[in-house]
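# Coordinate analysis (summary)
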Amino acid sequence: MSYKKILTVQDISCVGQCSLTVALPIISACGIETCVLPSAVLSTHTAGFTGYTFHDLTEDMPLICEHWRKTGIAFDAIYTGYLGSAQQIAHVEDLFETVAAEGCLKIVDPAMADNGKLYPGFDMAFVENMKHLCGKADYLVPNITEACFLTGTEYRETYDRAYIDELLAKLTALGCKNIIFTGISYAEGKTGVVVYENGAYDYYEHDKLPNSCHGTGDIYASAFVGALMRGKSAYEAAKIAADYAVACIKSTAEEENHWYGAKFEPVLGKLIAAVND
Ligand code: PXL
C-alpha cells in the first residue's frame, strides 16, 4: 500500500480538544501522514469559554499553498473542518485545485453549527460560501443543524425518515457526492449515522449516551477520514468513527471539570485496533 498523505485545514484551538488538536493525533494514529494548514490560532475554542484570543491566518493560507505548489507537494486527501471566514473558504477551494494529487478525496465537515444554532461569529453570508465548498466535496460530514442551514430547511428536534431523505436530496443538489450524516436518531435511546453513497442509503445505529461532549463532531470526522484513508468502505469507516466517538464520550462521562471536550486520548487504542482489523 502506498503511504497516504493527507492535508487537514482547520483552526488550532490551543486548549479545548477540537479541530486540529483532535484531527492531527487521530488521523496520525490511523497510520496516515497528516499535514496541517492552520486557519487561525485561538487560545481556546469558542463554545463555552469567554475572552479567548483569535489570530487569523487567512493571509498566510495562499502563501503556504503557493510554496507547496512550487515544491510539487500534493495530497491524497484534503479534509476541511472549522473555517473562520468566507475568504478562507475561497482559499480552500484554491487548495482543491492546486495541491490535490490525482484522485484526491475531498472531505468537508461544514463545522459551523449545532443544536439548531450557528456557532458564535458565523452568519448567513458564511453559510452561502460554505454551500459552494460543500458542492465540491466527495464526502460531506454534516450534522442535522448544519444540513438545515445549508439547505434552508427548518430545524426539527423530532423527525422521521422522510425529513432526513429530504435533507439528503437537498444536500446532494448542492453538488456533494456522498454524505455521512451524523447524529440521526429514529428511535428513543438510539442514534446513528446515515451513509449516503452513490445514491444508496445505509444506516448504522448505536446507543445514545445520556451525556454529550463538545468536539465529538471533530473526533467523528477525523476518525472517519483516517479509516477511509486506510481503505475502509465509507460504511465501515462511518461505523468505526461512531464506535470511537461513543468510546470517547464514555471515557469522559461523570467528569464535571472536563466540560470543554472529550477525553479521546485514552481510547485511541480502540480506534487503532479497528482500522487495523
Ligand atoms: O468543534 C468545532 C470548533 C472548532 N474550532 C473552534 C470552535 C468550534 C466549535 O465551537 O469554536 C474554534
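Okay, so let's go over this structure.

### Quick notes on the pairing of strand β10 (residues 190-197)
- Most of β10 sits out of view: six of its eight residues are buried.
- Bridge analysis of β10 against strand β11 (residues 200-207) gives eight bridges, and the strand direction is antiparallel. Its bridge partner lying in β11, V195 is registered against D202.
- In this antiparallel pair of consecutive strands, β10 and β11, the connection spans two residues, and N198 shows a positive phi of 50 degrees.

### So, the environment of C104
- Mapped onto the elements, C104 comes out in strand β5 (residues 100-108).
- We classify C104 as buried; its relative accessible area is 6%.
- In this structure the C-alpha to C-alpha distance between C104 and D138, which are 34 residues apart in sequence, comes to 9.3 Å.

### What to know about the pattern of salt bridges
- The final tally for this structure, using the stated rule, is eight salt bridges.
- Residue K239 pairs with D243 through a salt bridge whose shortest N-O separation is 3.5 Å. With K239 and D243 both in helix α8 (residues 234-252), this residue pair falls four residues apart, about one helical turn.
- Judged by relative accessible area, which is 32%, D243 ranks as partly exposed.

### Comments concerning the sheet that holds β11
- Spatially, the nine strands line up as an open sheet ordered β3-β2-β1-β4-β5-β8-β9-β10-β11, and their pairing is mixed. Each end of this open sheet is capped by a strand with a single partner; those strands are β3 (54-56) and β11.
- In terms of strand pairing, strand β4 (residues 75-80) meets β5 through five bridges, oriented parallel. Each bridged residue has a counterpart across the sheet, and for T80 the counterpart in β5 is V108.
- Helix-sheet contacts for helix α3 (residues 86-98) involve β1 (5-15), β2 (33-44), β3, β4 and β5, and the interaxial angle to β5 is about 150 degrees.

### A look at the state of the cysteines
- Counting across every chain of the model gives zero disulfides.
- Of all cysteine sulfurs in the structure, the one in C248 sits closest to C30, which takes part in no disulfide; the separation is 11 Å.
- On the accessibility criterion, C30 (0% relative accessible area) is buried.
- Counting only cysteine sulfurs, C104 is the nearest neighbor of C65, a cysteine outside any disulfide, at a range of 12 Å.

Cut-offs and rules
- Residues numbered from 1 in each chain as written.
- Predicted model: local features only at pLDDT ≥ 70, side-chain atom pairs only at ≥ 80, totals over all residues.
- Heavy atoms only, no water.
- Buried < 20%, exposed > 50% of the residue type's maximum accessible area, 1.4 Å probe, protein only.
- Helix = DSSP H or I, 4+ residues; strand = E, 2+ residues; numbered from the N terminus.
- Pairing = 2+ DSSP bridges.
- Salt bridge = Lys/Arg side-chain N within 4 Å of Asp/Glu carboxyl O.
- Contact = heavy atoms within 4.5 Å.
- Axes fitted to C-alpha atoms, helices over the stretch in contact; angles between N-to-C directions.
- Disulfide = S-S within 2.5 Å.

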